[in-house]
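The chain contents come next:
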Amino acid sequence: MFTKPSIYYILGTPNAGERDPLKLLEEALKGGISHFQLREKGMNALTGQSLKEFALKCQALCRKYGVPFIINDDVELAHELNADGVHVGQEDAKASDVRARVGDRMMLGVSVHSVEEAAEAIQNGADYLGMGPIYGTKSKSDAKAPSGVSKIIQVRERFPEAPVIGIGGITADNAEAVWEAGAAGIAVISAITEAGNVQEEVQKMVASYKGAIL
Ligand code: 3NM
């Protein structure tokens, strides 16, 4: 599910700004992302039918490149579209309820910020954990204070089998520490979305794994 190094791209239309989100996604897929999460949040976020139509286009692109398509928060949309996964935060639906709703046919990711939240998420059926923010982020207005990689290390010590995906302010230049902490992957919005050359940026992120001391 998470072959190292996993590059987990997250995007919603508000993140894309002036750029075409589907072009960004296709460039990122060409560059070698391993996972894609549609996270449609914030100002002018799509809803209802327009969200569904956009999600279907993202899903078709992901299928073309053989990359899992994951939906953030909207469990019903994930269910309706038969997405490959659904991801929830601590303020969203309870992981155990989501697992009960989607069964075993979908991967379930949960955002956690501590060893305690990680333990609970795993007990409630999470397949992987998103941990952050590692570094400062401008993409989540209610993000907690950055905690570096220390919490990833703690979670890896307690749950060595659980795939941990670091998130928050991660770039090709600061990803090595996240790999060294034992993360299976890095989740990224801005460093990919705002890159001058999206394909190259993703390739640099893949290459950052080789630079890490493991
Ligand atoms: N969740 P960027 S940080 C969606 O800490 C999200 O749980 C976070 O975006 C968490 O790569 C974050 O632009 C935003 O920093 C990540």
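Scoring rules and cut-offs
- Residues numbered from 1 in each chain as written.
- Predicted model: local features only at pLDDT ≥ 70, side-chain atom pairs only at ≥ 80, totals over all residues.
- Heavy atoms only, no water.
- Helix = DSSP H or I, 4+ residues; strand = E, 2+ residues; numbered from the N terminus.
- Rg over C-alpha atoms; globule rule 2.2 N^0.38 Å.
- Buried < 20%, exposed > 50% of the residue type's maximum accessible area, 1.4 Å probe, protein only.
- Contact = heavy atoms within 4.5 Å.
- Disulfide = S-S within 2.5 Å.
- UniProt positions renumbered as here; feature names shortened; annotations may be inferred.
- Pairing = 2+ DSSP bridges.
- Lys, Arg positive; Asp, Glu negative; His and termini not counted.
- Salt bridge = Lys/Arg side-chain N within 4 Å of Asp/Glu carboxyl O.
- Polar contact = N/O pair within 3.5 Å; in protein donor to acceptor, adjacent residues only side chain to side chain.
- Near = heavy atom within 4 Å.
- Areas by Shrake-Rupley, 256 points an atom, 1.4 Å probe, with all protein chains shown as cover.
- Nonpolar A, V, L, I, M, F, W, Y, C, P; charged D, E, K, R; others polar.
- Phe/Tyr/Trp six-rings, centres within 6.5 Å; stacked < 30°, edge-to-face > 60°.

1. Considering the overall build of the protein
Regarding its fold elements, the protein presents ten helices and eight strands. Taking 2.2 N^0.38 as the reference for a compact globule, 214 residues should give roughly 17 Å; the C-alpha atoms of the protein span a radius of gyration of 16 Å, in line with that estimate. Taken along the three principal axes of its C-alpha coordinates, the protein extends 45 × 40 × 30 Å. Evaluated residue by residue, the protein yields a buried proportion of 50% over its 214 residues. Look at the contacts in the protein between residues 6 or more apart in sequence, and 60% of them connect residues 24 or more apart.

2. Topic: the state of the cysteines
Under the counting rule described, the total for this entry stands at zero disulfides. The thiol sulfur of C58 is not disulfide-bonded, and the nearest other cysteine sulfur, from C62, lies at 6.7 Å. Owing to a relative accessible area of 1%, C58 belongs among the buried residues under this scheme. For C62, a relative accessible area of 0% translates into the label buried.

3. Structural notes on the UniProt feature "binding site: 4-amino-2-methyl-5-(diphosphooxymethyl)pyrimidine" (unreviewed entry) in the protein
According to UniProt, the feature "binding site: 4-amino-2-methyl-5-(diphosphooxymethyl)pyrimidine" (unreviewed entry) maps to Q37, L38, R39, E40, K41, N72, S111 and K140 in the numbering used here. In this fold, N72 is placed in strand 3 (residues 69–72). Of the residues examined, N72 reaches a relative accessible area of 10% and is grouped as buried. Overall, the relative accessible area of 33% leaves K140 in the partly exposed class.

4. Topic: the pairing of strand 8 (residues 185–188)
Burial along strand 8 is two-sided: the face carrying G185 and A187 and the face carrying I186 and V188 are both buried. Here strand 1 (residues 6–11) runs beside strand 8; their pairing, made up of four bridges, is parallel. Pairing of I7 across the sheet is with I186, part of strand 8. In terms of strand pairing, strand 7 (residues 164–167) meets strand 8 through three bridges, oriented parallel. Within strand 8, the position partnered with I165 by the bridge is G185.

5. Overview of the side chain of D92
Mapped onto the elements, D92 comes out in the loop between strand 4 (85–88) and helix 5 (95–102). One buried charge, D92, has no salt-bridge partner; the nearest side chain with opposite charge is K41, at 4.2 Å. A distance of 2.7 Å separates a polar atom in the side chain of D92 from the backbone nitrogen of G89. Once residues within four sequence positions are removed from consideration, D92 is found in contact with K41, N72 and D73.

6. Details of the site of the ligand
Around the ligand, the structure places 13 residues, and the nearest of them are T137, S139, G169, I189 and S190. T137 places a side-chain nitrogen or oxygen 2.6 Å from an oxygen atom of the ligand. Protein contacts shield 95% of the accessible area of the ligand, which totals 430 Å² for the unbound molecule. Here the shell around the ligand is composed, by residue class, of four nonpolar, seven polar and two charged.

7. What about the packing of aromatic side chains?
One pass over the full model with this rule turns up five aromatic pairs. Residues F2 and Y128 carry aromatic rings whose centres are separated by 4.9 Å and whose planes lie at 55° to one another, so their mutual orientation is tilted. In this pair, F2 is assigned in the segment before strand 1 and Y128 in strand 6 (residues 128–131), connecting sequence segments 126 residues apart. The pair F2 / Y128 is uniform in exposure class, with both members buried. Where Y9 meets F36, the ring centres are 5.9 Å apart and the plane angle is 55°; that geometry is what we call tilted. Separated by 27 residues along the polypeptide, Y9 in strand 1 and F36 in strand 2 (residues 35–38) bring together distant segments of the chain.

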